[in-house]
Amino acid sequence: MSTFAKNQMAGQTTGTHNSPFGHVAPSGSQAPAPHLDDRVAQAVKDGAAVVAASPKPERYADRAVGIDVNAPIDPSSETMARICTALKTDILAALNLSASGHPGGSLGMTDVFATLWFGGHMSVRPHEPDWNGRDRFILSNGHICPVLYAILARRGFFPRDVLWTLRQLGSPLQGHPDFHFTPGVDACTGSLGNGASVALGQALGLKLQGIDARVYVGSSDGEVQEGQIWEMASAATHHGVDNLTVMLDRNGIQIDGFTKDVMDQGDLGQKFAAFGWHVQDVDGHDRGAIHTALKTAKAIKGRPQMIICHTVLGKGVSFMENKPGWHGVAPDDDQLDEAIAELESA
Ligand SMILES: Cc1ncc(C[n+]2csc(CCOP(=O)(O)OP(=O)(O)O)c2C)c(N)n1
Ligand SMILES: [Mg+2]
């Protein structure tokens, strides 16, 4: 196999990367797109200006100042709880500024992804995002990228002020993840079903290269209605791919309502088990249980692993919780204040 093909399978971007933001922007027949370093620098400036002009800049204050996120944090600790609150306020503030985006799943999966990224599971180098030995993370339900962006900022992949440019033209943080523009993003996702297949390809590619790294995937109960997911599920078993762990958001909600009404999912665990997967069900807000499930998954040999995370859409903000209407609507100023007050009093 050519080096190019191997790199593609392992999710490595092409080109030479000497800087944390050294991804190669796609170029067309017209003027080449600005280098990502310049885009991020501009986004930091824009973000700082947006916050400075805000009538209530304290809304955007950092709720987790001084927490060292480079060492693993006990998922059951107060410190991790503080990080989750900080992530949620960052998510909601960014959505409020962009006046669009998806809060429900982002808040619902915060405990799960915080445990993965801050609990010592992801082996990454924020200042060398293309390091080929890294664990990959692919958010196949790409619409909940605000939670991923908030995590990447806090892990140091880019400055936190960039969050305030979410969904703006030219921002590195688009409405769905794009690995060309965002350090720490391992695949372009948003078209439901695709990301999980890309993840399988990357997991196989890592094995072909003899790299001992894992691929973690975010998915959802709406996404697994896509036929492509089940092609991936059977191929992963056939190839005995055991460096692939999917974390599925089982909130019972999708864009148009409750999944039981739109297309009943039945017992998803039983379905994936029938496809040969190792399956665990966890309370998606019990960070200790999620931590244990991730460790169990890592020890499984010869087959892929599914962690079905039972979550509440909009968790922590009572006017959003379990309401399909909050799948993809941003909070206005008053709603943002109310949400932050509730999150901080919890
Ligand atoms: C192939 C494809 N079809 C349709 C959509 C539009 N879409 C975006 S999110 C979504 C619902 C997905 O369900 P889920 O991820 O469970 O939603 P959530 O729990 O986050 O509310 C749909 C249908 C899409 N992104 N991709
Ligand atoms: Mg859902």
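Small disclaimer: the values here were computed from a predicted structure and weren't measured.

Caption draft 1: Looking closely at the site of ligand 1. Taken together, 20 residues are adjacent to ligand 1, and Gly105, Ser220, Gly222, Gln254 and His327 come closest. Looking at the shell around ligand 1, the elements that each hand over two or more residues are α4 (103–108) and β4 (253–254). For the shell around ligand 1, a count of residues per class yields five nonpolar, 12 polar and three charged.

Caption draft 2: Region of interest: the packing of helix α3 (residues 78–98) against helix α12 (residues 333–345). The contact between α3 and α12 brings their axes to 10 Å, and the two run at 180°. As judged from the angle between their axes, α3 and α12 are roughly antiparallel. Packed against α3, whose contacting residues are Thr85, Lys88, Thr89, Leu92, Ala93 and Asn96, the element α12 presents Asp333, Leu336, Ala339, Ile340, Leu343 and Glu344 at the interface. Among the residues forming the contact of α3 with α12, the class breakdown is six nonpolar, three polar and three charged.

Caption draft 3: Here's a closer look at helix α2 (residues 36–53). An ideal rise of 1.5 Å per residue puts 26 Å on 18 residues; α2 measures up with 25 Å between its terminal C-alpha atoms. Buried residues of α2: Leu36, Arg39, Val40, Ala43 and Gly47, and no others. Down the axis of α2, the sector holding all buried residues measures 90°, keeping them to one side. In this structure, α2 carries Asp38, Lys45, Ala52 and Ala53 as exposed residues pointing more than 90 degrees from its buried face.

Caption draft 4: Here's a closer look at helix α8 (residues 227–238). With 12 residues, α8 should reach 16 Å at 1.5 Å per residue; the first-to-last C-alpha distance of 17 Å fits that figure. Within α8, the full set of buried residues consists of Ile229, Met232, Ala233 and Ala236. All buried residues of α8 fall inside an arc of 105° around its axis, so they share one side. Facing away from the buried side of α8 by more than 90 degrees, the exposed set consists of Gly227, Ser234 and His238. Of the residues trailing α8, glycine 240 is marked for its positive phi of about 60°.

Calculation notes
- Residues numbered from 1 in each chain as written.
- Chains lettered and ligands numbered in written order.
- Predicted model: local features only at pLDDT ≥ 70, side-chain atom pairs only at ≥ 80, totals over all residues.
- Near = placed C-beta within 6 Å.
- Helix = DSSP H or I, 4+ residues; strand = E, 2+ residues; numbered from the N terminus.
- Nonpolar A, V, L, I, M, F, W, Y, C, P; charged D, E, K, R; others polar.
- Axes fitted to C-alpha atoms, helices over the stretch in contact; angles between N-to-C directions.
- Parallel < 35°, antiparallel > 145°, perpendicular 65-115°, else oblique.
- Contact = placed C-beta atoms within 7 Å.
- Expected span 1.5 Å × (residues − 1).
- Buried ≥ 20, exposed ≤ 12 C-beta atoms within 10 Å, placed from the backbone.
- Arc of directions from axis to C-beta.

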